[in-house]
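Fold and contact review
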Amino acid sequence: MALTGRAGLLALIGVFVVGLLLPSWQGILVLFGLLVLCVAVDLLLAGGVRRLTFSRAGATSVRTGEPCVVQLTVHNPGRRLRGVLRDAWAPSAGVVADRVAVDVPAGGSRVLSFELRPLRRGDRTADRVTVRSHGPLGIAARQGSHVVPWIVRALPPFHSRRHLPPLLERLRELDGRRASLIRGAGTEFDSLRAYVIGDDVRSIDWRASARSPDVVVRTWRPERDRQVTIVLDTARTSAGRVDGALGGLPRLDTAMDAALLLSALASQARDQIDFLAFSQQVRASVPRATLPVLVQAMAPLEAELVEFDARGAVSEVLRRAGRRSLVVLLTSLEPSMEHGLLPLLPALATRHHLLVASVSDPAVHAMAAGRGDLEAVYAAAAAERTLAERRRLTALLARHGVDVVDALPDDLPRALADRYLSLKAAGKL
Amino acid sequence: MTAVSPDAGRIWTAARGPLLIGVIILFAAVVITLLRGSGEGGALDPRSFRPEGSHAVARLLEQNGVRVELTDNASAVDGATLFVTQPNLIDPRRLADLSGRASSTVLLAPSPGLRRLEVGTRQPGCPLADGAGAATTGGFTYEGEQSCYDSTLVRTGTVTTIGYGGIFTNRDIDEEGNAALALSLLGQHERLVWYVPSAADRSQQKSLTDLVPDGWKYGALQLGVAVVLLAVWRARRLGRVVPEPLPVVVRAAETVEGRARLYRRSHAASHAASVLRQATRDRLAPLLGVPPGDDPSEEIARRTSRPVTSVRALLYDREPVDDRGLVALAASLDALENEVRKA
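Residues numbered from 1 in each chain as written. Chains lettered and ligands numbered in written order. Predicted model: local features only at pLDDT ≥ 70, side-chain atom pairs only at ≥ 80, totals over all residues. Heavy atoms only, no water.

Accessible area lost on assembly of the parts is the figure often given for the size of an interface. In terms of domains, chain A is made up of domain 1 (1-155), domain 2 (188-221) and domain 3 (227-425). On a C-alpha basis, the centres of domain 2 of chain A and domain 3 of chain A stand 42 Å from each other. (Domains from an automatic or database assignment.)

What follows is the structure in structure tokens.
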């Protein structure tokens, strides 16, 4: 049950009735009795809310920050229903207008559309649908809630996809599919074909030309069908919020962005992607990933406040990756890595090429440049100590033949993709 | 069935707890109000032992055979001394009526007085209080047939007015002739009515509510009903509040900031200095083409025309540094780095 503003308004008018006509306790009681009667009549005649039935349709996933529409169908088996309906979602689902006026005839149905604009990545679930059904006098209303489950998965925004066109251009250059001034930089022998004017004379295969009526050149292409294993660290360090161009985002979100750009590029280069999210155990696993599947797998991942189990992650990678592959570990360069990952590197490095990508914090760089007063200089010393620690780790990793990309959050996706391309060009996959 | 709204049974189950608590609170309030007697403790209260109370005077009067009756509703004053501690709170007509019936009346500092006067010890200078001698008086001066203590104590007929109540308090009763004056003023008759006006006396005045026509009092009650109904209208929520499942998010630089504060608190200037020196060496080594870990001092000296010893002192000196020296060191390291970058 719920009252409307009219009930209060009637009581306010009653002030004059009591003051001028019925100045007594009886007057107040009579007016109150009348009001109670009106409320009872209204409640009796209002359309029932308990027996309504609901169903949903519409979007089940949307890229974070973009709009989508979820439909809610109300079926009314009883009397005509007039009132207000609220479709409640958690605030981060970003429902533009969650309450609408409804008017459902007896035995009829209505389809209501709600626009969602999720603010945050992850599964956004619908809470309750609440209906307030007004009586004919508009003084009181019946109210009731229903559970109508629905989940909209807000996918990672993939902001770095704007970097993709120039990267693909570079990939095509590498491939020889695009005419360029430099000699095709492929590393794998592809085929022989007849010489055409403009080909580099250094690529003429003399031995083949001798056997053939024409001059024959060799063509090269970059390596393909290599395996790229992306390991995403979702443990405590990935929860750290780092400020970038898009505001403060957890390291995890930046790492996801980088992983998506790398996967998009690698799938264009016809490499096979294997995705693994790991903290203490496997959080998500997508073998032979394609971009849509990957995005779906990443969406519900959140950072956990546990230590990254490097031993578990390495053994999982070794178990899954049968042949030699590029293992990209998206994590954070932390002193704890020295005891976690470093002792395991020999086992991993003999079979695979490891690339560690880490989100560095612009706030630490800003602190390191701080001068002027004592506080700023102590902050600078603390920041320098952290940076020195990272440099030392980078050097230690490099000694084991590990590539390290340590970049600011805005630069990391591009830097990682560039490193991948240069590894590919050098034939190191 | 998807409905989750509560039926009557569930409403009763949910409401009985709060209802029980409400009943207990109400019961406790009633019991406490009934058990707690009237409080003792106001200024010039004959029951109060505090410095500003008047237990001592009341006790003295009783020893001298005067019956002290404390009242907040003086009615039986015939043949007694009436002592009014706050005459300003009483309707003047009622006060005149009371003092007419009483054998003698003592008023304490009624308004308006003639002028203000410092509180201090004064000589009586009149036959009215000759027995008492010097006493603590002051406050206001008044006009009357007989006046003593520079007009701070006057008598007109049976009504005595005193400008300051210090002589009746526990604190000042033993000063000078205060006790004698108090006794002579209040002990004139066998019975003393000590009148502390209460709210009941003041209600004899016309209050604002008396001026409102009777009908509108009920109108105001109805207004209360309307306000409650409007509150019920606004308070009813359309569905419950939906909680937001927030992810764990920590500012990544927090550990670095924490370490900076630790350095600062422990005045680890020497340690901070060696970290800053190491950082400068690490940054300069690749610029100069010196292998990392080697001493770049000679190369720097060669490029910047600074003496080797001073460069080495800046980059390697192990002397302890204090807080002020640390700021200066950071500045000179920056200066050196800039010079190398320009050279």
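Here the narrative resumes, following the displayed structure.
All names here are of chain A. The space that makes up the largest pocket amounts to roughly 690 Å³. Broken down by element, the residue count for the lining of the largest pocket peaks at 5 residues, all from helix H5 (residues 251-268). Here the residues of the lining of the largest pocket are counted per class, giving 18 nonpolar, 9 polar and 8 charged. Two domains each put at least three residues into the lining of the largest pocket: domain 1 (1-155) and domain 3 (227-425). (1 Å grid on protein atoms, 1.4 Å probe; cavity = no way out; pocket = protein on both sides within 12 Å on 5 of 7 lines; lining within 4 Å. Points joined across faces, edges and corners; volume = space filled by probe spheres on them. Helix = DSSP H or I, 4+ residues; strand = E, 2+ residues; numbered from the N terminus. Nonpolar A, V, L, I, M, F, W, Y, C, P; charged D, E, K, R; others polar.)

Another aspect to go through is the interface of chain B and chain A. Taken residue by residue, the interface counts 58 residues in chain B and 74 residues in chain A. Taking both sides of the interface into account, the surface hidden between chain B and chain A amounts to around 5,800 Å²; carbon and sulfur atoms contribute 64%. When residues of chain B are sorted by the area they lose upon contact with chain A, Tyr218, Gln222 and Leu238 of chain B head the list and together hold 13% of the total. If you look at where chain B meets chain A, you find 6 salt bridges. One salt bridge in this structure joins Asp282 of chain B and Arg391 of chain A, with 3.4 Å as the shortest N-O distance. At the boundary of chain B with chain A, the tally comes to 22 residue pairs in polar contact (both at pLDDT 80 or more). Of all the secondary-structure elements, those providing two or more residues to the side of chain B that touches chain A are helix H7 (214-235), strand S10 (250-251), helix H8 (254-265), helix H9 (269-288) and helix H12 (323-342) of chain B. Tallying contributions element by element places H7 of chain B first for the side of chain B that touches chain A, with 13 residues. Taken together, the 2 bridges between strand S14 (residues 240-244) of chain A and S10 of chain B define a ladder with parallel strand orientation. From the neighbouring strand, Arg241 of chain A faces S10 of chain B, where its bridge partner is Arg251 of chain B. (Contact = heavy atoms within 4.5 Å. Buried area = accessible area lost by both parts, 1.4 Å probe. Salt bridge = Lys/Arg side-chain N within 4 Å of Asp/Glu carboxyl O. Polar contact = N/O pair within 3.5 Å; in protein donor to acceptor, adjacent residues only side chain to side chain. Pairing = 2+ DSSP bridges.)

When its domains are assigned, chain B resolves into domain 1 (55-201) and domain 2 (262-342). The gap between the C-alpha centroids of domain 1 of chain B and domain 2 of chain B is 88 Å.

Attention shifts here to H12 of chain B. The terminal C-alpha atoms of H12 of chain B, which comprises 20 residues, lie 29 Å apart, in line with the 28 Å expected from a rise of 1.5 Å per residue. Along H12 of chain B, the residues that are buried comprise Asp323, Leu326, Leu329, Ala330, Leu333, Leu336, Glu337 and Val340 of chain B. Taken down its axis, H12 of chain B places every buried residue within 130° of arc, on the same side. Those residues of H12 of chain B that are exposed and aimed more than 90 degrees away from the buried face are Arg324 and Lys342 of chain B. Tucked into the core, H12 of chain B has its buried residues touching helix H11 (374-399) of chain A together with H9, helix H10 (297-304) and helix H11 (308-316) of chain B. (Expected span 1.5 Å × (residues − 1). Buried < 20%, exposed > 50% of the residue type's maximum accessible area, 1.4 Å probe, protein only. Arc of directions from axis to C-beta.)

Here we come to the side chain of Ser145 of chain A. One can find Ser145 of chain A in strand S9 (residues 140-147). A relative accessible area of 11% places Ser145 of chain A in the buried class. Within the structure, Ser145 of chain A has its side chain in polar contact with the side chain of Thr130 of chain A (distance 3.0 Å). In this structure, Ser145 of chain A is in contact with Arg128, Val129 and Thr130 of chain A together with Thr2, Ala3, Val4, Ser5 and Gly239 of chain B, ignoring residues within four places of it in sequence.

Our focus in this paragraph is empty space enclosed by the protein. All names here are of chain A. As enumerated under the stated definition, the model contains 4 cavities of 30 Å³ or more in all. Looking at the largest cavity, its volume works out to about 80 Å³. Around the largest cavity sit Val231, Phe308, Ala313, Val314, Val317, Val327, Leu329, Leu341, Leu348 and Leu354, which together line it. Here the lining of the largest cavity takes 3 residues from helix H7 (residues 310-320), the largest share from any one element. Split into classes, the residues belonging to the lining of the largest cavity amount to 10 nonpolar, no polar and no charged. Its boundaries defined by the atoms lining it, the second largest cavity holds a volume of some 60 Å³. Lining the second largest cavity are Leu232, Asp233, Thr237, Ser238, Arg251, Leu252, Ala255, Leu330, Thr331, Ser332 and Val359.

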